[in-house]
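Residue-level structure breakdown
Below, each chain spelled out in residue letters.
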Amino acid sequence: KEKVEITKEQQALMKIITDAYNRHQIPQDVAKKLLQDQYSAEENFLLLTEMATSQVQVLVEFTKNIPGFLSLDREDQIALLKGSAVEAMFLRSAQVFSRKMPSGHTEVLEERIRKSGISEEFITPMFNFYKSIGELHMVQEEQALLTTVTILTPDRPYVKDQQAVERLQETMLDVLRKLCVLQHPQEPQYFARLLGRLTELRTLSHYHTEMLVSWRMNDHKFTPLLCEIWDV
Ligand SMILES: COc1ccc(-c2nc3ccccc3n2[C@H](C(=O)Nc2c(C)cccc2C)C2CCCCC2)c(OC)c1
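Residues numbered from 1 in each chain as written. Predicted model: local features only at pLDDT ≥ 70, side-chain atom pairs only at ≥ 80, totals over all residues. Heavy atoms only, no water.

Turning our eyes to something else, we now look at the packing of helix H7 (residues 140–151) against helix H8 (residues 162–183). In contact at an axis separation of 10 Å, H7 and H8 are set at 155° when each is read in the N-to-C sense. Overall, the two elements H7 and H8 adopt an arrangement that is roughly antiparallel. Considering only the axes of H7 and H8, their crossing is left-handed. In contact with Glu141, Glu142, Leu145, Leu146, Thr148 and Val149 of H7, H8 contributes Gln169, Met172, Leu173, Val175, Leu176, Leu179, Cys180 and Gln183. Classifying every residue of the contact of H7 with H8 by side-chain character gives 9 nonpolar, 3 polar and 2 charged. (Axes fitted to C-alpha atoms, helices over the stretch in contact; angles between N-to-C directions. Helix = DSSP H or I, 4+ residues; strand = E, 2+ residues; numbered from the N terminus. Parallel < 35°, antiparallel > 145°, perpendicular 65-115°, else oblique. Left-handed = near helix turned anticlockwise from the far one by under 90°. Contact = heavy atoms within 4.5 Å. Nonpolar A, V, L, I, M, F, W, Y, C, P; charged D, E, K, R; others polar.)

What follows is the structure, encoded as structure tokens:
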């Protein structure tokens, strides 16, 4: 049985990433807002675009703390941000949804999201993903590293130096793999399950443009930043 050990450097890397991940979170908690009041489809859409816009800004700040990210080609940095913003948003939403809440709150939140204005056909795949993330009971270091691995995906459109991104991603994957073995010793295939969620995340993210344009209201308005990031 090979002894898995996280090195001092990997420990330091994990701390930098996790601290940055926790620091760069959106201030107002959308779940609390949703639990307080029932909003119209229009109000929910506005809330969604506001959340998504601030999430992109937060993502940019977070990536500045990923060791090595700022040494990448500048245009590749933009390509990685643009290519991962939607996935990071769904990953964040899944983590917010899976948070431990007082009993009954998750059900209310789920109901509010089902009735938010999103069209029926996307609700099942979205909640399937949220629940599959919830079942993993990730610790915050795993959440931070999983988001980092998602950002450092080499085969995003327009990335020129894929090898440089691959090297960074592999560094993060090695730490994540060891962390999974140490955090979930009874479940040797936990790391593989975690990576399998990234495939589900990419599939879900393919629907996001459809989700937005089919939101039950007419005249969908987007912020300039979202027009950049979302294909709308
Ligand atoms: C593209 O289509 C989507 C994307 C996300 C959600 C979503 N799943 C959530 C799970 C838990 C809590 C809130 C959740 N959201 C929205 C939200 O703000 N996500 C969010 C964002 C955007 C950034 C940072 C962080 C978060 C949580 C609420 C926006 C207002 C209407 C209700 C959904 C969604 O729900 C229908 C549809």
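A word on the pattern of salt bridges. On inspection of all chains with the given rule, the structure shows 15 salt bridges. As a salt-bridge pair, Lys15 and Asp19 come within 2.7 Å of each other at their nearest N and O atoms. Taken together, the residues span about one helical turn, with Lys15 and Asp19 both in helix H1 (residues 8–23) at a distance of 4 residues. Between Arg114 and Glu110 there is a salt bridge whose closest N-O contact spans 2.8 Å. Of this pair, Arg114 and Glu110 both sit in helix H5 (residues 105–114), 4 residues apart, which is roughly one turn of that helix. (Salt bridge = Lys/Arg side-chain N within 4 Å of Asp/Glu carboxyl O.)

Our next topic: the site of the ligand. Around the ligand, 22 residues are found, and the nearest of them are Met51, Met89, Ser93, Ile113 and Tyr130. Ser93 places a polar side-chain atom, nitrogen or oxygen, 3.1 Å from a nitrogen atom of the ligand. Side-chain polar atom of Tyr130 to a nitrogen atom of the ligand: 2.7 Å apart, as the coordinates give it. When the free accessible area of the ligand is taken as 690 Å², the share hidden by the protein chains comes to 99%. Counting only elements with at least two residues in the shell around the ligand, the list comes to helix H2 (30–36), helix H3 (41–63), helix H4 (74–98) and helix H6 (123–134). (Near = heavy atom within 4 Å. Polar contact = N/O pair within 3.5 Å; in protein donor to acceptor, adjacent residues only side chain to side chain. Areas by Shrake-Rupley, 256 points an atom, 1.4 Å probe, with all protein chains shown as cover.)

With respect to the element layout, Thr150 can be found in helix H7. Classification of Thr150 as buried rests on a relative accessible area of 2%. If we ignore the near neighbours within four places in the chain, the residues touching Thr150 are Ser84, Glu87, Leu91, Arg156, Leu198 and Leu201. (Buried < 20%, exposed > 50% of the residue type's maximum accessible area, 1.4 Å probe, protein only.)

Between H6 and helix H9 (residues 190–206), the least distance of the axes is 10 Å, while the angle of their chain directions is 155°. Taken together, the axes of H6 and H9 are roughly antiparallel relative to one another. In the crossing of H6 with H9, the sense of the turn from one axis to the other is left-handed. Along the contact surface, H6 presents Pro125, Met126, Asn128, Phe129, Ser132 and Ile133, while H9 presents Arg197, Glu200, Leu201 and Leu204.

The next point concerns the nonpolar core. Phe90 and Met126 are the most contacted members of the largest nonpolar core, which has 76 residues in total. Sort the elements by how many residues they give to this core and H4 lands first, with 12 residues. For Met126, the residues in contact, after removing those within four places along its chain, are Phe90, Ile113, Ile118, Leu204 and Met211. (Core = buried A, V, L, I, M, F, W, Y, C linked by side-chain atoms within 4.5 Å.)

Turning our attention to the environment of Leu136. Structurally, Leu136 can be placed in the loop between H6 and H7. Spatially, the C-alpha atoms of Leu136 and Ser98 are 9.6 Å apart, while their sequence positions differ by 38 residues. When near neighbours in sequence (up to four residues on either side) are disregarded, Leu136 contacts His184, Tyr190, Arg193, Leu194 and Arg197.

The next thing to look at is the environment of Asp76. Inspection of the secondary structure assignment puts Asp76 in helix H4. Residues Asp76 and Thr124, 48 residues apart in the sequence, show an inter-C-alpha distance of 34 Å. Among residues more than four places away in sequence, those in contact with Asp76 are Tyr158, Val159, Lys160 and Asp161.

What follows deals with the confidence of the model for the chain. Taken as a whole, the chain shows an average pLDDT of 94; of its residues, 98% reach a score of 70 or greater. Interface confidence for the predicted complex, given as ipTM, is 0.98, next to a pTM of 0.95. (pLDDT = per-residue confidence, 0-100.)

Across all of its chains, the model carries 9 aromatic pairs by this definition. When the centroid spacing of 5.7 Å and the interplanar angle of 35° are considered together, the rings of Phe97 and Tyr130 count as tilted. Of this pair, Phe97 sits in helix H4 while Tyr130 sits in helix H6, and the two are 33 residues apart along the sequence. You'll find Phe97 and Tyr130 in the same group, each marked buried. Measuring from centroid to centroid gives 5.7 Å for Phe122 and Tyr207, while their planes differ by 45°, and the two rings are tilted. Here the residue Phe122 occupies a position in the loop between H5 and H6, and Tyr207 occupies one in the loop between H9 and helix H10 (208–213), the gap between them amounting to 85 residues. A connected cluster of aromatic rings, assembled from ring pairs, spans Phe45, Trp215, Phe222 and Trp230. (Phe/Tyr/Trp six-rings, centres within 6.5 Å; stacked < 30°, edge-to-face > 60°.)

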